[in-house]
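As a plain string of letters, each chain reads:
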Amino acid sequence: MLKILGGVCLTVTLGLAIVAAPRATAATQDDPRYVKVCSPITHKCTFWLKSELGKGAGKKTSPGKSTKVGKRVCQHNGGAQACTSDLGNWSNSEQCYLQRLTPQPPKSDPSWGGHTDGEVWACLREQGYSQGRHLVTKWVWLPGPPDTVVVDPLTLAYEAIAKMQLAKPQVRSAPGVGEIGLVNMPVWLWVDKSENTYGPITRFAEVPGLRVTATGVVKAVDWTMGDGNTVRCEGAGTPYSKAAGIADSPDCGHRYRKTSHEQPKCRYPVSATAHWSITWQSTLGDTGQIDMTQQASTQLRIGEAVPVLVDPNGDQPTAPAPNNC
C-alpha cells in the first residue's frame, strides 16, 4: 500500500539513474475501454474494463458442474511479465504494477482529472536496467476496479468490511447518564444491538471472477469502569428493568466501592470496547478471520447514602457535611 507525501508524485531511485515520473492522463467515463455494470443485488453501478468482462467466466455448464477458468497471462510489450511483486499487481492495460493510494490525493489534484468518483492509483514500473535500476511512478485515475491479473482476496475482504460501516457501540447503563448510583449497589451495563454496532452483518466485494463475502459480529465487550476495574461481558448484556429491583445484572454489571466525588466533574469515566470477529471467504475457496474493535464512552456518577441526623431537642434535621459534588 503506497503512502502519499504532500501530494507529490515521487521517483524512487534504486540504482544510479533518476527519471522524472510523468503525470498520468486521467481517463474519463467515456473511455471506450470501460463499460458500466450495475449489480442486481445492490443496484449500484461501477465501471469495468471491457477486456476483463467475461474473463474467467468459461463456458456455461449444467447445474452441479464446475466451470473451467482459463489461465490469465501478464505481458509487458508482448513479453512475459511477473503478475505480482513488491510493487503491487500487474495491469496489462496500464502496463505497470498498481497500488491503491492511501490516503487518496485531494480532489483538487490534477490526477483526478476533475472527477469525484473512482480512485487514484499509483502506477509503478522499473526501467533503465542498462543505466542503473530505477523506479518510475505515475498516478492514474480509474473509474472502477483495475484489471490486475492477480487479485488479492484479503484486499477484497477489507473492502467488504468497509461497506459494513462499523460504528461505535451504543452504550447503556443503569443508573444512566444524569442519574446517581450508590456505592456498593449494582450497576447494570449493556449495549444496544444493531447491524453495524453489534452484528451480525454481512457484506461482499468483488472483481470479475472473484467475490469475497465477510460476516462480522461482536464477540465480547470490555467495560473500563474508571475505578481501575475492567469488566468483560461475553455478550451485549441485559437491559435493566424495574422488576429486577436491586439485583445484580445476570451477565454484565459492576459495583463501585467508592464514590465518584474525587473524579473530574464528580463522574467516573467509563468506556466500552466492542471486539468484532469478522470471518471472510472467497468464491475461490480462500478463508480468513479479521479482528477489529470499536469504542464508545460515557460517564457515571456514584454517590453514597447519607443518614439525616435529627436533633432530639429541636424540630430541624442536622444537615450533612457538604461535598464538592
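First, a word on scope: everything that follows refers to the structure included in this document. Every chain begins its residue count from 1, and numbering advances along the sequence as written. Where local features are concerned, this predicted model is filtered to residues with pLDDT of at least 70; where side-chain atom pairs are given and counted, the filter is 80 or more; whole-chain, interface and lining totals use all residues. Heavy atoms from the whole structure form the basis of all side-chain values; hydrogens and water molecules are not counted.

## Structural notes on the overall build of the protein
Consideration 1: For the protein, the count of helices and strands is one helix and 21 strands.
Consideration 2: Accessible area is worked out with a 1.4 Å probe on protein chains only. A residue is then buried under 20% of its type maximum, exposed over 50%, and partly exposed in between. Burial statistics for the protein: of 325 residues in total, 35% are counted as buried.
Consideration 3: By definition, residues are in contact when any of their heavy atoms lie within 4.5 Å. Sequence separation of 24 or more characterises 60% of the internal contacts of the protein that already satisfy a separation of 6 or more.
Consideration 4: Residue exposure ignores everything except the shown protein chains as possible cover, and the areas themselves are Shrake-Rupley values with a 1.4 Å probe. For the protein, the accessible area works out to roughly 19000 Å², and carbon and sulfur atoms hold 53% of it. By definition, any uninterrupted DSSP run of H or I lasting at least four residues is a helix, any uninterrupted run of E lasting at least two residues is a strand, and each is numbered from the N terminus.

## Some details on the side chain of T259
Consideration 1: Along the chain, T259 falls in the loop between strand 17 (253-255) and strand 18 (268-282).
Consideration 2: Pairing of N or O atoms within 3.5 Å defines a polar contact, subject to two protein rules: one partner must be a possible hydrogen donor and the other a possible acceptor, and residues neighboring in sequence count only if both atoms are side-chain atoms. Among the polar contacts made by the side chain of T259, one reaches the side chain of H261 at a distance of 3.4 Å.
Consideration 3: Setting aside chain neighbours within four positions, we find T259 in contact with V183, Y268, I302, G303 and E304.

## Focus: the packing of aromatic side chains
Consideration 1: Stacked, tilted and edge-to-face are the three classes applied to pairs of Phe, Tyr and Trp rings, where Trp contributes its six-membered ring and a pair requires centres within 6.5 Å; stacked means planes under 30 degrees apart, edge-to-face means over 60, and tilted covers the rest. Going through the model one piece at a time under the given rule, you end up with three aromatic pairs.
Consideration 2: Seen in terms of ring centroids, W90 and Y97 are 4.9 Å apart; in terms of plane orientation they differ by 75°. Their pairing is edge-to-face.
Consideration 3: Seen from their ring centres, W188 and Y240 are 5.1 Å apart, and the 80° between their planes marks the pair as edge-to-face. Here W188, found in strand 13 (residues 186-192), pairs with Y240, found in the loop between strand 16 (230-233) and strand 17; they are 52 residues apart in sequence, far enough to count as distant.
Consideration 4: For W188, a relative accessible area of 6% puts it in the buried group.
Consideration 5: Since its relative accessible area comes to 32%, Y240 is described here as partly exposed.
Consideration 6: Only Lys NZ and Arg CZ are tested; either one counts as a charge over a ring when it is within 6 Å of the ring centre and within 35 degrees of the ring normal. Sitting over the face of the ring of W112, K107 holds its NZ or CZ atom 3.6 Å from the ring centroid.

## A word on the pairing of strand 18
Consideration 1: Of all the 15 residues making up strand 18, eleven are buried; the element is thus mostly covered by neighbouring parts of the structure.
Consideration 2: Note: two strands are recorded as paired if DSSP finds a minimum of 2 bridges between them. As paired elements, strand 15 (residues 210-224) and strand 18 share twelve bridges and run antiparallel to each other. Residue pairing in the sheet places W223 in a bridge with A272 of strand 18.
Consideration 3: Looking at chain direction, strand 18 and strand 19 (residues 287-303) are connected through 14 bridges and run antiparallel. Considered in strand 19, the bridge of S277 is made with D291.
Consideration 4: As consecutive antiparallel partners, strand 18 and strand 19 are separated by four residues, and within that stretch G285 has a phi angle of approximately 100°, a positive value.

## Digging into the sheet that holds strand 11 (residues 170-174)
Consideration 1: Spatially, three strands are ordered 11-13-17 in an open sheet, and the strand pairing comes out antiparallel. Sheet topology places strand 11 and strand 17 at the edges, where each strand pairs with a single neighbour. Pairwise comparison of adjacent strand axes, ignoring direction, gives a mean angle of 25° for this sheet. Only the stretch in contact is used when fitting a helix axis, every axis being a line fitted to C-alpha atoms; angles between N-to-C directions are given from 0 to 180 degrees.

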